[in-house]
Amino acid sequence: GGRLDLGARHRVGDLHHHLIGDEADFATRRHAAVFHLMPRAPEPQARRQLELLMLTHDLESIGDVVTKEIMELAEKKRRKNVSFSAQGWDEIQGFHRKVMENFHLAITSLASGDTELGAKVLRHKKHLAQIEQELGQKHLLRLHQGLRETIDTSSIHLDILTALRRINSIISKLAYPVLDRRT
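Residues numbered from 1 in each chain as written. Predicted model: local features only at pLDDT ≥ 70, side-chain atom pairs only at ≥ 80, totals over all residues. Heavy atoms only, no water.

Asks: For the environment of Leu128, give the residues involved together with the corresponding values.
Replies: On the secondary structure map, Leu128 appears in helix H5 (residues 115-144). Along the backbone, Leu128 and Asn168 are 40 residues apart, and their C-alpha atoms lie at a distance of 8.0 Å. Those residues within four positions of Leu128 in sequence are excluded, and the remaining contacts are Phe95, Lys98, Val99, Asn102 and Asn168. (Helix = DSSP H or I, 4+ residues; strand = E, 2+ residues; numbered from the N terminus. Contact = heavy atoms within 4.5 Å.)

Asks: Which residues make up the pattern of salt bridges, and what are the values?
Replies: Side chains bearing opposite charge may pair, as long as their charged atoms lie close to each other. In total, this model carries 7 salt bridges according to the counting rule given. Among the salt bridges present, the one from Lys173 reaches Asp58, with a minimum N-O distance of 3.2 Å. With Lys173 in helix H6 (residues 148-173) and Asp58 in helix H3 (residues 43-80), this residue pair connects regions lying 115 residues apart in the sequence. Overall, Asp58 belongs to the buried group, its relative accessible area being 5%. A salt bridge links Glu75 to Arg78; the shortest N-O distance between them is 2.5 Å. Of this pair, Glu75 and Arg78 are both found in helix H3, 3 residues apart, which corresponds to roughly one turn of the helix. Note on Glu75: relative accessible area 32%, which makes it partly exposed. Look at Arg78 and you get exposed, because its relative accessible area is 55%. (Salt bridge = Lys/Arg side-chain N within 4 Å of Asp/Glu carboxyl O. Buried < 20%, exposed > 50% of the residue type's maximum accessible area, 1.4 Å probe, protein only.)

Shown next, in the form of structure tokens:
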């Protein structure tokens, strides 16, 4: 009765994949559809709705980096049963703190409309890119010193820094709508 044959089930799966694509993208598509169906809002309200839609997309993108990159790196570290050097772990944690500080600045800027905070977020983006390079250089120096933990975790360490920089780049995009309000 209510069962689909294998061919029909396959076609439904193809249609589902075609219509919504990647599951992480589904929420953004749903919000876009709702946004499109809403009555035309006054300009400031429409702009705010678009900003919130972009925020949703950016938060999903950050979630993708965490789940598809950082979590895989954590699993790789666990599987290899290796540990970061004390200095390397401190650097990763410090860089993560700076990225989170920039996230809080970006969200506060977006919520308050504070253009000075928005500009600060973009300055921090550049500064954090420089810090990532410096941390990479420090990591290479530890490699040359032959530190066992550094050798064992080298690619994981550098990949985590890169993933955190990528997250910070996404975070920095949150400042643009605030800065665009000036014009």
